[in-house]
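Chain residues, written in single-letter form:
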Protein chains: 2
Amino acid sequence: MSQERFDELRRRLAEVSDLGKTMALLSWDQQVMMPPKGAELRAEQLATVGRIAHERFTAPEVGRLLEELSGWAERHDYDSLEASLVRVVSQDWDKARRVPSELRAALTREGALSHQVWVDARSRSDYTAFLPALRKNLDLVKRYVECFDVGEEPYDILLDDYERGMKTTEVRVIFDYLKAHQAPLVQEVAARNGADRSGPRTFPLELQRRFELEVVRRFGFDDACWRLDPTVHPFASGTGVGDIRITTRYAEHNLESLFATMHEFGHGLYEHQVDPALERTPLARGTSLGMHESQSRMWENLVGRSRPFWHHFFPRLQETFPDALAGYDADRWYREVNAVEPSLIRVDSDEATYNLHIILRFELEQELLAGAVSLEQLPDEWNRRMWEYLRVEVPDDAHGVLQDVHWAGGAIGYFPTYALGNLISAQIWDRLRADIPTLDDEIAAGEFESLRDWLRTHMHRFGRKVSPPELLERVAGTPTIDPAPYVRYLRGKLSGIYGIAPEAS
Amino acid sequence: MSQERFDELRRRLAEVSDLGKTMALLSWDQQVMMPPKGAELRAEQLATVGRIAHERFTAPEVGRLLEELSGWAERHDYDSLEASLVRVVSQDWDKARRVPSELRAALTREGALSHQVWVDARSRSDYTAFLPALRKNLDLVKRYVECFDVGEEPYDILLDDYERGMKTTEVRVIFDYLKAHQAPLVQEVAARNGADRSGPRTFPLELQRRFELEVVRRFGFDDACWRLDPTVHPFASGTGVGDIRITTRYAEHNLESLFATMHEFGHGLYEHQVDPALERTPLARGTSLGMHESQSRMWENLVGRSRPFWHHFFPRLQETFPDALAGYDADRWYREVNAVEPSLIRVDSDEATYNLHIILRFELEQELLAGAVSLEQLPDEWNRRMWEYLRVEVPDDAHGVLQDVHWAGGAIGYFPTYALGNLISAQIWDRLRADIPTLDDEIAAGEFESLRDWLRTHMHRFGRKVSPPELLERVAGTPTIDPAPYVRYLRGKLSGIYGIAPEAS
């Protein structure tokens, strides 16, 4: 009998999952393929599919099924589909049912409409044009927060959507550690010469694409399952483990696109390696955005900015761009791609300054939510803090408050997961190196199979079966996000490039 | 009160329309963008969205709203949104509610799965690999037909899905006329020299794409609203009047892609020029496939294979492909693109033989449905008739029974609309030339604005407000599809090229 009820639950969740993947496609298409004049109707399409998904998921019958099945599910193994599905979906349901479907639809609709407004406003660096859309999104987010019992920290509600169970105070403690230990690193290297960058140069876009594909195909990108496309703001998406889509953004004068591609590959691989048995359930994706970001940052930085990686790939890179890289060798290039230089754009920033960009956003988001900073003040406040934290002057809003896609989509509370991902990536990497002693040699040989398999076995396959702390425990041996390994990794790397002390005094 | 009920109807239909456009995107994406391993899950996504759309549309409350509103709606102008929506949707609802949502979902799912099987089987010319998928589709189509009161002609049920109100017997009469009057034309020209085709030559794909875009941009393709992409089987799609997507198929050794692009432009323009006030209703698309095909064939043939068109575009074509077209002038090229030559592939066939390809399919479909031809016999039967009707020998199934996408998607009853479209295009063209006496001169000058405007005003803007015969009456002055103008047009053109008699003896 319970088995039948469980099958009924699965059937209903499969439908919700199909609708969720359909929304992912509607949104990927909007950002990658859709002619601009499709935007208004696309917002309605997204809102309708989103509303129906939300209605079907929060239906009382789903709640009844979950309640009926809870005892039965607990008698199964913790990792079984039965136990995991009922356990995780019960939490999802409790949260989702508090949100009216109409509000959920409005959030989706405004997010989709604002995306197009943002693309346009950013291209003209016109914050005023974006402000009304941003206000609508912020108002909806506030209404969303009010659906819950708000305690001391309304931000907790939002953060939990992206990083299940994480509290604002925990993030604050971690970020305070980074302010105390990572920010000084930036100052230490500021006075020293690291990179020896050549003057303006050109990397033809078609060759960039070819080289990127060469790299990610070595990583595990397979044309039967993956796509790579250009877009305004790189992201990863897809409609199943057999359909993974990553995007990047090309510029002629640098290779940021390569790092964006490796970054999004990391996200894509996490989704691609989820146990296929979880497909058409809400468990078939990464367990949190922080965990996701640990994967993207790992492939982008711990792999893609490492000496062994460039030992293998630099000769091919130089062959591909002989003019731009004349006079370079692997070492000079390694130093350049690891140069520390406070800069304007988060996604292009180096590993040492990146988290500071996040801390700025984390603070501003809380103040916006509390009304301590108004939307009118936001650009000035942004620029002021960029100077305070990074000592850079923001020339215009396109390079300031308009640079990121998230707020246009109503995604507030998302940014901290980027910094958390950096920290987690170093925790995992320590464990990985212990488990695969030959890792550096393999990377230096352009081999990534054991890395990929390790990640699948220890991490990816579980999907959302386990919570972020549970996964961290499995993959790194502790349930707690610890910033120390990341700062240690950073200092170690920068000591080799800038000659600063390899350990903090 | 009725206004409120009407608003409620519109709200419900808007949702169904959003889901329909979402399915269009899922399907476009499957055919144009999706990595192949996404196919299985995509079929589920399509089935889920399709089932929900069908459930919501056939809900008893929609039937009640339509019934309640029928008197109120009739008191409005025939062309008003109120009257049209209630009138047309009542017919749709009566038909749709007879089909169980599960069957509708199964048709969608099998169609999507079979598409991928077909792509693969066609590429290997392996009918046996395709047969099980085709059988599933045919069985489902038979179950679909059984949902209705089947009279003498079960094929009527299917035909009506694509060409509202059209009967199999009417098609048979029209096709008999074509057999009697169009087939002899092919024989008359068979013995004469028309085209003077040069030997093997190459048209680089990137240049083809550039030239095509140049042409359709003159027609009215605008990047803010349109896309053009390559695919296996050209089609037109989109998600709204502001998002029109056409596809084509390139071959290096010919310019069939150009004609496919002009063809799909015709479909796209019809959708693009529907009155935007009809968006998010079931009226916001072409009224039938025959009417649609009249538009695609008009741009492909009546415009794109005309003397005035090549007068304008031939110099640019020759500039683009100087090697391939060395020794050509506009007249020689015009003769070549109008050459009559019985051939294997329907979509690449000339205007004179095209309808014969359709008649073959029309007959086979009825026999499949009746069980008079089995699926095992189908390839042989196909090949036998190709010889009988067109005197061509089919070398393999990829060039025979596997060439078309339709049966893989369960679309049986669709093909006749292609031939009907050819006939309608000539009826409309006669009227157009009378209304715009300068049409030839405008085309020869590369100007298409008044043609486009005429089509919008007389035809496109109505969407599904009017039935196919009503629309034909408005646009061509008669509700009846008449094959005579098409045969007359063809004979006229071929007399200029092959020197046959300009009128039938």
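Residues numbered from 1 in each chain as written. Chains lettered and ligands numbered in written order. Predicted model: local features only at pLDDT ≥ 70, side-chain atom pairs only at ≥ 80, totals over all residues.

Participant: Describe the pairing of strand 2 (residues 236-240) of chain B, listing the residues and the values that go with them.
Facilitator: Residues and elements named next belong to chain B. Within strand 2, five of the five residues are buried, which leaves the element mostly enclosed by the surrounding structure. As paired strands, strand 2 and strand 3 (residues 243-248) are joined by four bridges and run antiparallel to one another. Looking across to strand 3, one finds that G240 is bridged to D243. Counting the residues between successive antiparallel strands, the hairpin from strand 2 to strand 3 contains two residues. (Buried ≥ 20, exposed ≤ 12 C-beta atoms within 10 Å, placed from the backbone. Helix = DSSP H or I, 4+ residues; strand = E, 2+ residues; numbered from the N terminus. Pairing = 2+ DSSP bridges.)

Participant: Run through the sheet that holds strand 1 (residues 226-230) of chain B, naming residues and quoting values.
Facilitator: Strand pairing within a sheet occurs via backbone hydrogen bonds; the two strands may be parallel or antiparallel. All names here are of chain B. Taken together, three strands build an open sheet; the order of strands is 1-3-2 and the sheet is mixed. Each edge of the sheet is formed by a strand with only one pairing partner; in this case those strands are strand 1 and strand 2. The sheet shows a mean angle of 20° between the axes of neighbouring strands, direction not considered. Lying over the sheet, helix 1 (residues 2-32) contacts strand 1, strand 2 and strand 3, oriented at roughly 140° with respect to strand 2. Strands in contact with helix 11 (residues 256-272) are strand 1, strand 2 and strand 3; relative to strand 3, the strand with the most contacts, it is inclined by about 160°. (Axes fitted to C-alpha atoms, helices over the stretch in contact; angles between N-to-C directions. Contact = placed C-beta atoms within 7 Å.)

Participant: Talk me through the packing of helix 17 (residues 416-435) of chain A against helix 21 (residues 484-498) of chain A; I want residue IDs and the actual numbers.
Facilitator: Residues and elements named next belong to chain A. Put simply, helix 17 and helix 21 touch, their axes get as near as 7 Å, and they point 80° apart. The angle between helix 17 and helix 21 places the two elements in the roughly perpendicular class. Counting all contacts with helix 17, which are made through N422, L423, A426, Q427 and D430, the residues of helix 21 involved are P485, Y486 and Y489. Taken together, the residues of the contact of helix 17 with helix 21 break down into five nonpolar, two polar and one charged. (Parallel < 35°, antiparallel > 145°, perpendicular 65-115°, else oblique. Nonpolar A, V, L, I, M, F, W, Y, C, P; charged D, E, K, R; others polar.)

Participant: Run through the interface of chain A and chain B, naming residues and quoting values.
Facilitator: Between chain A and chain B, the contact holds 32 residues from the first and 32 residues from the second. For the side of chain A that touches chain B, the class distribution of residues is 13 nonpolar, seven polar and 12 charged.

Participant: Could you give an account of the relation of the copies chain A and chain B, with specific residues and numbers?
Facilitator: In the superposition of chain A on chain B (RMSD 0.0 Å, axial shift 0.0 Å), the rotation amounts to 180°. Read as a symmetry element, the transformation amounts to a two-fold axis. Interface overlap between copies is the fraction of interface residues in one copy that are interface residues in the other; for chain A against chain B it reaches 100%, indicating a shared surface. (Least-squares fit on C-alpha atoms with pLDDT ≥ 70 in both.)

Participant: Please provide a residue-by-residue account of the nonpolar core, values included.
Facilitator: Core analysis: the largest hydrophobic core is formed by 280 residues, its most contacted members being F265 and L423 of chain A together with F265 and L423 of chain B. In this structure L423 of chain B touches I174, I481, D482, P483 and Y486 of chain B, once residues within four positions along its chain are discounted. (Core = buried A, V, L, I, M, F, W, Y, C linked by C-beta atoms within 7 Å.)

Participant: Go over the domain arrangement of chain A, please, and point to the residues and values.
Facilitator: Residues and elements named next belong to chain A. Domains assigned within chain A are domain 1 (2-147) and domain 2 (169-498). Across the contact, 39 residues belong to domain 1 and 32 residues belong to domain 2. Residue classes in the side of domain 1 that touches domain 2 are distributed as 22 nonpolar, eight polar and nine charged. (Domains from an automatic or database assignment.)

Participant: Got a sec to walk through helix 20 (residues 468-476) of chain B? Specific residues and values, please.
Facilitator: Residue and element names in this part refer to chain B. All of the buried residues in helix 20 are P468, L471, L472, V475 and A476. Axial view of helix 20: buried residues confined to an arc of 100°, hence all on one face. Each element contacted by the buried residues of helix 20 is listed here: helix 12 (289-303), helix 17 (416-435) and helix 19 (449-458). Among the residues trailing helix 20, G477 stands out with phi positive, at a value near 85°. (Arc of directions from axis to C-beta.)

Participant: Give me unusual backbone geometry: which residues, what numbers.
Facilitator: In this structure, S125 of chain A is a non-glycine residue whose phi angle is positive, near 50°. Relative to the helices and strands, S125 of chain A is located in the loop between helix 5 (101-123) and helix 6 (127-146).

Participant: Explain the sheet that holds strand 1 (residues 226-230) of chain A residue by residue, including any values.
Facilitator: Residues and elements named next belong to chain A. An order of 1-3-2 is seen for the three strands of this open sheet, with the pairing classed as mixed. Each having just a single partner strand, strand 1 and strand 2 (236-240) make up the two edges of the open sheet. Across this sheet, the average inter-strand angle for adjacent strands is 20°, counted without regard to direction. Note that strand 1 and strand 3 (residues 243-248) share five bridges and pair parallel. Opposite L228, over in strand 3, you have I246 as the bridge partner. Of the strands in this sheet, strand 1, strand 2 and strand 3 are in contact with helix 1 (residues 2-32), which crosses strand 2 at around 140°. Strand contacts of helix 11 (residues 256-272): strand 1, strand 2 and strand 3, with the helix running at about 160° to strand 3, the strand carrying the most contacts.

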